[in-house]
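Chain and residue survey
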Amino acid sequence: MRVALISDVHANLPALEAVLAEAERAGAEAVWSMGDQVGYGAEPDAVVARLRAAGAVCVLGNHDAAVAGIIGTEEFNPLAAQAVRWTAANASPDTVAWLRSLPPTVQSEGWARAHGTLRDPMWEYLATGRAAAGHFAAQTTQWSAVGHTHVPMVLWEEGEGFDLAAPGDDAIVVLDERRACVNPGSVGQPRDGDARASWALLDTGAGDVRFHRVGYDIGAAQARIRAAGLPEALGARLVRGR
Ligand code: ZN
């Protein structure tokens, strides 16, 4: 089976459309989203509708949870909190109800998925040895996938420690006997200095993951952020990929 791995769409419809079109051309039969479907971007309803139409299997991210009223915004930075409040006020009740229904973790095909880590799905960044140890201790499957950092990464359990890769565009990572965790990067708000939308294609038959970057109409996403009255900085950072 070929699965499009996506994460952190953040209500950026032009970026999501570009990724789903490329995923379809690449033969993806399923979509798994590792959370933060909304927040920051201007089109929460359209993004959620597009994900649902694609049959995407999604987990709950911290932004999703805040918009749905499951958690507060005390832990968010001021810009993120402002975007959460805008989204909660402007998303349809149907969108909010769908976000509220999302599970923090999902498991299928030997893959466990969460937004942050399997130990702390909502908040923990898989960005330290400590977080990696906690994540793999909670991982009962061979493979896992996360988002949250907005940076593409593969992490392997290696003896007592970990091995790490930061795959660029078109990188192919072969899954071997080691337990691994994949982060496909962010569709709607990349933060690794590459402004293009990030995603990855998992081929369970071939046993590999191919990382991809796809350009999209950043100007359109920015115009919608501006028109929505969201903070200008949320559009400006899309060009920098930071
Ligand atoms: Zn995010």
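One structure accompanies this document, and this report is about it. (Residues numbered from 1 in each chain as written. Predicted model: local features only at pLDDT ≥ 70, side-chain atom pairs only at ≥ 80, totals over all residues. Heavy atoms only, no water.)

1. Some thoughts on the pattern of salt bridges
The tally for this structure, following the rule as stated, stands at 15 salt bridges. As a salt-bridge pair, Arg-224 and Glu-43 come within 2.7 Å of each other at their nearest N and O atoms. With Arg-224 in helix H7 (residues 218–228) and Glu-43 in the loop between strand E2 (30–33) and helix H2 (44–53), this pair connects stretches of sequence that are 181 residues apart. Judged by relative accessible area, which is 35%, Arg-224 ranks as partly exposed. Taking the shortest distance from any N to any O, the salt bridge between Glu-158 and Arg-178 comes out at 2.7 Å. You can see Glu-158 sitting in strand E7 (residues 153–158) and its partner Arg-178 sitting in the loop between strand E9 (172–174) and strand E10 (180–183), a full 20 residues away along the chain. Residues joined in a network through salt bridges with shared partners are Asp-169, Asp-192, Asp-194, Arg-196 and Arg-213. (Salt bridge = Lys/Arg side-chain N within 4 Å of Asp/Glu carboxyl O. Helix = DSSP H or I, 4+ residues; strand = E, 2+ residues; numbered from the N terminus. Buried < 20%, exposed > 50% of the residue type's maximum accessible area, 1.4 Å probe, protein only.)

2. Examining the pairing of strand E8 (residues 161–165)
In terms of strand pairing, E7 meets E8 through 5 bridges, oriented antiparallel. Across the sheet, Glu-157 pairs through a bridge with Phe-162, a residue of E8. (Pairing = 2+ DSSP bridges.)

3. Let's talk about unusual backbone geometry
Backbone geometry at Asp-36 places phi at a positive 55°, although glycine is not the residue there. Residue Asp-36 is classed as buried on the basis of its relative accessible area, which comes to 2%. At Asp-170, a position not held by glycine, the phi torsion is positive, near 70°. Along the chain, Asp-170 turns up in the loop between E8 and E9.

4. Describing the coordination of the zinc ion
Of the protein atoms, only Asp-8 (OD), His-10 (NE2), Asp-36 (OD) and His-150 (NE2) coordinate the zinc ion, at distances of 2.1 to 2.4 Å. In primary-sequence terms, the residues that donate to the zinc ion follow D-x1-H-x25-D-x113-H. With Asp-8 in the loop between strand E1 (2–6) and helix H1 (13–25) and Asp-36 in the loop between E2 and H2, this pair connects stretches of sequence that are 28 residues apart. For Asp-8, a relative accessible area of 0% puts it in the buried group. (Donors = N, O, S within 2.8 Å, 3.2 Å for Na, K, Ca; no water.)

5. Concerning the packing of aromatic side chains
A ring pair, where both rings are aromatic, is described by two values, the distance of the centres and the angle of the planes. Summed over the entire model, instances satisfying the criterion amount to 4 aromatic pairs. Here the aromatic rings of Trp-111 and Trp-143 are separated by 5.7 Å at their centres, their planes lie at 25°, and the arrangement is stacked. On the criterion of sequence distance, the pair formed by Trp-111 in strand E5 (residues 111–114) and Trp-143 in strand E6 (residues 143–145) is long-range, its members being 32 residues apart. Its end group placed over the ring of Trp-32, Arg-113 keeps NZ or CZ at 3.6 Å from the ring centre. (Phe/Tyr/Trp six-rings, centres within 6.5 Å; stacked < 30°, edge-to-face > 60°. Lys NZ or Arg CZ within 6 Å of the ring centre and 35° of its normal.)

6. Points about the sheet that holds E7
On the basis of which strands lie adjacent, the open sheet formed by 6 strands has the order E4-E5-E6-E10-E7-E8 and mixed pairing. Edge positions in the open sheet fall to strand E4 (105–108) and E8, since each of these has one partner strand only. Each strand axis lies, on average, 20° off the axis of its neighbour in the sheet, ignoring direction. (Axes fitted to C-alpha atoms, helices over the stretch in contact; angles between N-to-C directions.)

7. Some thoughts on the nonpolar core
Counting 50 residues, the largest nonpolar core has Ile-6, Leu-16, Leu-99, Val-187, Trp-199 and Tyr-216 as the members making the most contacts within it. Among the elements that take part in this core, H1 stands out by supplying 7 residues, more than any other. When sequence neighbours within four positions are dropped, the list of residues in contact with Leu-99 reads Gln-37, Val-38, Val-48, Leu-60, Asp-64, Val-67 and Ala-68. Judged by nonpolar contacts, the second largest core, of 17 residues, contains Met-34, Trp-111, Trp-156 and Leu-202. (Core = buried A, V, L, I, M, F, W, Y, C linked by side-chain atoms within 4.5 Å. Contact = heavy atoms within 4.5 Å.)

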